[in-house]
Number of protein chains: 2
Amino acid sequence: MSQIEIVPDGTVTSPKGFTAGATFAGIKKPGEDVLDLSMIYSQEPCNAAAVFTTNKIKSAAVVVNLQHFQKHNRVFAVIANSGCANSSTGKQGLKDAVETTELVAKALGIEADEVAVASTGVIGVPLPMDAMRKGVQQIILTAAGGHDFERAIMTTDTKPKEIAVKVNFEGGSFMIGGVAKGSGMIHPNMATMLCFITTDAAVSVDYLNQSLREAVAISFNMISVDGDTSPSDTVLLMANGQAKNKTITDSSMLSNIFQRALNQVCVHLAKSVARDGEGATKLIEVRVKGAKNITEARRAVRTIVSSNLVKSAVYGCDPNWGRVTAALGRSEVDIIETKLDVIMAGIFTLKDGTPVNFDKKTATDALKTNEVVIEVDLHLGPAEATAWGCDLTEQYVVINSQYTT
Amino acid sequence: MSQIEIVPDGTVTSPKGFTAGATFAGIKKPGEDVLDLSMIYSQEPCNAAAVFTTNKIKSAAVVVNLQHFQKHNRVFAVIANSGCANSSTGKQGLKDAVETTELVAKALGIEADEVAVASTGVIGVPLPMDAMRKGVQQIILTAAGGHDFERAIMTTDTKPKEIAVKVNFEGGSFMIGGVAKGSGMIHPNMATMLCFITTDAAVSVDYLNQSLREAVAISFNMISVDGDTSPSDTVLLMANGQAKNKTITDSSMLSNIFQRALNQVCVHLAKSVARDGEGATKLIEVRVKGAKNITEARRAVRTIVSSNLVKSAVYGCDPNWGRVTAALGRSEVDIIETKLDVIMAGIFTLKDGTPVNFDKKTATDALKTNEVVIEVDLHLGPAEATAWGCDLTEQYVVINSQYTT
């Protein structure tokens, strides 16, 4: 019987054969002498799959990674910096991203196209290559380096986001570890979200791609409104095979448990990103059921969870369910108003399209938690979806009106 | 030679034959003893055209108006209340909206289906019909009542929004007057926008419809992201023919000047709504040119002007143009990054896709105005569009986290 357990203090270096490290290279502003350049390295080559931003403006790092993936799906190392997104930086930006992969390749004795690169921070500012050149030399890779890697990719994040799970199956075990950054998720479209996932499982490239897409669809894509992505958004999954299991493919016995474990890692990280939204005080979970199909269910939850007015109401512990129905109404999903139920923090506020005369004080008190669940039942079909976001606070505005200056 | 002039102190009762009035009926909370119920009346029947919300959740008032317009395009009177949206109120809400039109019809000696009805305020709360019944009797209609009507439809609006223009043509003149309310336009989707436009011009129903749709497309629809509307959004145009001109149709000499005057009224009101966005300190005007077609141009401006991060940057006087390109990138319009220009408050920040080394201090100072213009040139085609919004401030969150409780 297969089973998934959470690894205490787990991170991307929990799976066998991965090391990581970080340094302060001086890419962030003077005074912010925190880690800003970091690497993950696998001693054996990894099969890799990745999902990149759908934004038409793509950062130099994303462009370079896409070129590598067109050649092959092999990755040995990741280099990531914070403090500069190297996006909208023209031809120089592309040259700098390529040079970055070359620096890492030289340091590790691998090929430049086996290095994945990621940058997060301010847009439109050139990558300080002197700092990068020096910084790459400074990084010391260790099996305990996952936590440092995580901290080095943080920007406005207030909390690290990492996890590892261990899958025990008859005859062996493997691990999946993941880290993520991203905290501008109150309006998720332009907050760079980076996520790196490692596993020592042996997995075919095809199945790696398929399982990553499925996991992202129910996790990272559910903390983002449709098509809203930053120029740098990246989720990268690397499998180095060091668990020595029989390679997992679509038809393997282990494919189901691998998918479940990967889903768990991605949902955990996605929720962590939503919870740490800029200025946020609460995690909001929206569940829509009874939708005609999965596309409509997902569109509905995303529209509700990304509504400024719903977010503001949750912040104010205000059971203003009319904002939920109004957001739903503009989400372009099929609705029969007389069938609609809305439950906020466990309290029925709308039943069969008619307002419930609930006690306001009880509802307000129920909203005074740091995880608020909003449930909508369309009563039209079998499909359901869940999405996560956070409340909108004054602090969001303070952070975002003073970011670059 | 035709010409358009602004009428000093103009409003919906500026055109001949229109009267209006308002009262405090007690629909708003006790202590808010301000005007909350109001009427417009034309002594002659009006040809009418209207644009209603595309939200699938429609307020009772919108449903009733749609039923009236299915029968005919004749309107004598408008009844509007603030303090209660009568939306998501089930069957009772519909009954109450119908009774409201009957109350007005009885008081004025007209038919109930010749009364347009509008409600704005909190969603999900029943309309207090005792207050409505008494209030309708209290309203005194006068030719000077337009300003009172305007004030009575305000909710979180801080400034009245009204205008009238006079069109002088060879052989006569006519006027168009308009009032609007709406101030949650920082995230425009769920802030009820009501607009009532009167004219004493004689205009055919067909041309009234056509010209209203054209005017709305470049005004109210350009302060809203695509498909984002409140359950109550209404723009109503009434023409009573008292200017005694030859009825304007699509092929009339006067159709062009009528359209221009109507556009002017709608753009003025739309900008007023954007400028008075909840908590706003600045009007933002975004202009996109060089788009492949008008659909793409409009989609691009709307995406940029409704981006929380762009709005926050403008509030902070932060020339963070990367947020403009990132919003553009997710708007799903065609872009060639190396052709892209971005100008913020008159200062080139991106030219041919390459960052311009502008002086930060100069740019920050240029943003310290109460009207900020952001220009984007895609250099791909002939189409252009303009949209308006406002900055995002802490005060928006304060207002919207404390609205119903």
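For the structure, see preceding data.
Anyway, here's the lowdown on the structure attached to this text. These figures come from a predicted structure and were not determined experimentally.

Rules used throughout
- Residues numbered from 1 in each chain as written.
- Chains lettered and ligands numbered in written order.
- Predicted model: local features only at pLDDT ≥ 70, side-chain atom pairs only at ≥ 80, totals over all residues.
- Least-squares fit on C-alpha atoms with pLDDT ≥ 70 in both.
- Contact = placed C-beta atoms within 7 Å.
- Pairing = 2+ DSSP bridges.
- Helix = DSSP H or I, 4+ residues; strand = E, 2+ residues; numbered from the N terminus.
- Axes fitted to C-alpha atoms, helices over the stretch in contact; angles between N-to-C directions.
- Expected span 1.5 Å × (residues − 1).
- Buried ≥ 20, exposed ≤ 12 C-beta atoms within 10 Å, placed from the backbone.
- Arc of directions from axis to C-beta.

Time to look at the relation of the copies chain B and chain A. Comparison of the two chain copies shows a relationship of rotation about an axis with a shift along it. With an axial shift of 0.0 Å and an RMSD of 0.0 Å, the rotation relating chain B to chain A amounts to 180 degrees. One copy is carried onto the other by what is essentially a two-fold rotation axis. Taking the C-alpha atom as reference, chain B places Glu394(B) closest to the rotation axis, 2.2 Å from it. The fraction of interface residues of chain B whose copies in chain A are also interface residues reaches 100%, indicating that both copies meet through the same surface.

Residues and elements named next belong to chain A. In spatial order, the strands read β13-β12-β11-β14-β10-β15; together these six strands make up an open sheet with mixed pairing. Either end of the sheet is taken by a strand with one partner, and the two such strands are β13 (354-355) and β15 (383-390). Along the sheet, helix α9 (residues 322-329) makes contact with β11 (341-344), β12 (347-351) and β14 (371-377), crossing β14 at roughly 55 degrees.

Attention now goes to helix α5 (residues 205-218) of chain A. Residue and element names in this part refer to chain A. Counted at 1.5 Å a residue, the expected span for α5 with its 14 residues is 20 Å, and the 21 Å between its end C-alpha atoms agrees. Of the positions making up α5, those classed as buried are Tyr207, Leu208, Ser211, Leu212, Ala215 and Val216. Buried residues of α5, seen end-on, are gathered within an arc of 155 degrees and therefore sit on one face of the element. In this structure, the buried residues of α5 make contact with β3 (37-52), β9 (234-239) and α6 (255-275).

So, about the pairing of strand β8 (residues 194-199) of chain A. All names here are of chain A. Along β8, six of the six residues are buried, which leaves the element largely enclosed by surrounding structure. By the alternation rule, side chains of β8 split into Leu194, Phe196 and Thr198 and Cys195, Ile197 and Thr199, which are all buried. Sheet topology places strand β7 (residues 172-181) next to β8; six bridges connect them, and they run antiparallel. Pairing of isoleucine 176 across the sheet is with threonine 199, part of β8. Relative to β9, β8 runs parallel, the two sharing six bridges. By the bridge assignment for β9, threonine 199 is matched with alanine 239.

The analysis is restricted to geometry; functional conclusions fall outside its scope.
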